[in-house]
Amino acid sequence: MLASLFHRLFHRSSPSVPAKDNTYGDTATPAPIDTDKSVHQPPLQQGQPPVGTSSIEYIWDSVICREAVLDRQQKIAGYQFLLQKAANARIRIQNWRVFHLYAEVLVRNLIHTNIFPLLGQRSVFIEIPDSFLCDPCLTQLPAANTFFILKSVDESNKPAQGDLLTWARTLRKLGYRIGIPDPIATPEYFHLLPEIDLVSMQASQIDIDKGERLVNFFLKKVPHASILVQNLSSIEDFNFCHEIGATLFQGHFVVSREQWKKADLGPSFAHLAMLLKKLQQDAETREIVSILKQDAAITLRLLRYINSAANGLQEHVSSIEHAITLLGRAPLRRWLTLLFCGSNRNQPRAAAVLETALVRARFMELVSGSRTAHEREAIFLTGLLSLIDVILQQPIEHALDVLSIDDNIRNAILRSQGIYATTLALARACESMDTSRIASAAEACHIHPEQVSACYMDALSWTLTLQQENPN
């Protein structure tokens, strides 16, 4: 992580909840695709139902959730954005109009985020009902980054095959990409094969024979198409799907834990851990300087950061003592902790897990705006270190012992106890996408669900900005 990243970490403004627009868009019946992108409708929000709807419970229905999608090298290729599971469950038992309503809630809220300019080469994967593929709001999303993955709706509103093919072709000419579920299991989409860019499969429905048949089938029929496997729960599931030829992977496996053995982390880790321990013990500056002098790489990074233009210093700093004095003890500890977390980036999944930890840490800081500055810093570190075992591939107790962290942080991570535990539980609930769990955790933190949603999207934007500024 370079100077701009540390500047954003150590000079971030006081946490505040992003403003929410409380206007509501019209939810008329879908019309044919309109490529005029000058139309800019307001986002659908929580609260009163949009015009033309009634008796729909909106608590949490318009909350956007995110799942990272990894490539074959376990690097982040993009994100799937979706609604809460409870909302999706409700969709399945409602008519097609409600199904369309939820799709529009998702799309219009994404349109009004600042996510897309921060994505770079990453993609967005959005599941929509097939009969929604003609809706003009879809063309307000940036084409270069967007995959639309079709889901079947009830027979009463199923589009004609010719219409669906025309809509898919129109969107692809605009630069959008089309995904379908496994057409062997869902043959109604077989006629779309010439126009697809992705096939989506559920991990629970794949075995070795079916997986190999499906991959071989698509290598012949649509060799350019990617194969996305969803809801992978473990690294073993990832390895299996990787072996049969899948190209994109989504699910809890990204942060899944394994039976790692305690191992030596190497001299750089040892120096970082020793520095953090000395700071925890409030050691004298000369002791900290002595350790820094043992690792030229860390010292050079520190001096590079402190002399960066982002800090606006009037003079060049060449002394370690001067750098520590200018930076301060608390920012130095944060800098070293992030350096520790980011030092294992060559390991598979490490970058993806670090990004998840940063989103978690920033989210926890944002929802803790009423706490003291000291507590917010500790809460940020709690979120950042809560995945340290997955980042380092070490047992969690060992990783935390190495860092000599505060007991309140340790208790929250290891035992779900103490003054930071409820905030960490809320962050984990958001990642679980379980509506009832999120509502319960938000209540425990005395936070309104809409505030939770706003803070989570803001934390994601903040983290994507770091990734954009520091791609390596």
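All figures in this text were calculated on a predicted structure; none of them were measured in a lab.

Engineer: Describe the pattern of salt bridges, and please don't skip the residues or the numbers.
Structural biologist: On inspection of all chains with the given rule, the structure shows 15 salt bridges. Taking the shortest distance from any N to any O, the salt bridge between D197 and R172 comes out at 2.9 Å. Pair noted here: D197 is in the loop between β5 (177–181) and β6 (198–202) and R172 is in helix α4 (residues 161–173), with a separation of 25 residues, a long-range link. Exposure remark for R172: the relative accessible area of 25% places this residue in the partly exposed category. Between R360 and E431 there is a salt bridge, with the nearest N and O atoms lying 2.5 Å from each other. Of this pair, R360 sits in helix α12 (residues 350–366) while E431 sits in helix α17 (residues 421–432), and the two are 71 residues apart along the sequence. Assessed through its relative accessible area of 5%, R360 is described here as buried. Through salt bridges with shared partners, a single network forms among R169, R172, E195 and D197.

Engineer: Give a description of the environment of L119 that names residues and reports values.
Structural biologist: Here L119 shows up in the loop between α3 (96–111) and β3 (123–129). Sequence-wise, L119 and Y79 are 40 residues apart; in three dimensions their C-alpha atoms are separated by 9.4 Å. Contact partners of L119, with chain neighbours within four places excluded, come to Y79, V124, N145 and L464.

Engineer: Describe in detail the sheet that holds strand β2 (residues 76–83), supporting the description with residues and values.
Structural biologist: Spatially, the eight strands close up into a barrel ordered β1-β2-β3-β4-β5-β6-β7-β8, and their pairing is mixed. Across this sheet, the average inter-strand angle for adjacent strands is 30°, counted without regard to direction. Looking at chain direction, β6 and strand β7 (residues 226–230) are connected through five bridges and run parallel. When the bridges of β7 are listed, L198 appears paired with S226.

Engineer: Describe the pairing of β7, listing the residues and the values that go with them.
Structural biologist: With respect to burial, β7 is a largely interior element, four of its five residues being buried. Taken together, β6, helix α5 (residues 208–221) and β7 form a β-α-β motif whose crossover is right-handed. This β-α-β element, β7 to helix α6 (residues 235–244) to strand β8 (residues 248–250), shows right-handed connectivity.

Engineer: Could you give me a rundown of a negative patch on the surface, with the residues and numbers involved?
Structural biologist: Among the surface-exposed residues, D207, D209, E212 and E243 lie close enough to one another that they form a single negatively charged patch. Within the secondary structure, D209 sits in helix α5. Since its relative accessible area comes to 49%, D209 is described here as partly exposed.

Engineer: Quick one: what's the story with α12, residue by residue and with numbers?
Structural biologist: Between the first and last C-alpha of α12 there are 24 Å, a value that for 17 residues agrees with the 24 Å anticipated at 1.5 Å per step. Among the 17 residues that make up α12, 16 are buried, leaving the element largely enclosed by the rest of the structure.

Engineer: An account of α6 is requested, with residue identities and associated values reported.
Structural biologist: For α6, every residue scored as buried is listed here: I235, F238, C241 and I244. Contacts made by the buried residues of α6 are with α5, β7 and β8. Trailing α6 by a residue or two, G245 shows a phi angle of about 115°, which is positive.

Engineer: Can you lay out the packing of helix α8 (residues 285–292) against helix α10 (residues 320–327) for me, pointing to particular residues and giving the numbers?
Structural biologist: At their nearest, the axes of α8 and α10 sit 10 Å apart, and the two run at 120° to each other. With respect to α10, the axis of α8 lies oblique. Relative to α10, the crossing made by α8 is right-handed. In this structure, α8 uses T285, I288, V289 and L292 to contact α10, whose residues at the interface are I320, E321 and I324.

About the criteria used
- Residues numbered from 1 in each chain as written.
- Predicted model: local features only at pLDDT ≥ 70, side-chain atom pairs only at ≥ 80, totals over all residues.
- Heavy atoms only, no water.
- Salt bridge = Lys/Arg side-chain N within 4 Å of Asp/Glu carboxyl O.
- Helix = DSSP H or I, 4+ residues; strand = E, 2+ residues; numbered from the N terminus.
- Buried < 20%, exposed > 50% of the residue type's maximum accessible area, 1.4 Å probe, protein only.
- Contact = heavy atoms within 4.5 Å.
- Pairing = 2+ DSSP bridges.
- Axes fitted to C-alpha atoms, helices over the stretch in contact; angles between N-to-C directions.
- Right-handed = clockwise from strand over helix to strand, strands pointing away.
- Patch = residues over 30% accessible without salt bridge, like charges linked within 9 Å, V, L, I, M, F, W, Y side chains within 5 Å.
- Areas by Shrake-Rupley, 256 points an atom, 1.4 Å probe, with all protein chains shown as cover.
- Lys, Arg positive; Asp, Glu negative; His and termini not counted.
- Charge placed at Lys NZ, Arg CZ, Asp CG, Glu CD.
- Expected span 1.5 Å × (residues − 1).
- Parallel < 35°, antiparallel > 145°, perpendicular 65-115°, else oblique.
- Left-handed = near helix turned anticlockwise from the far one by under 90°.

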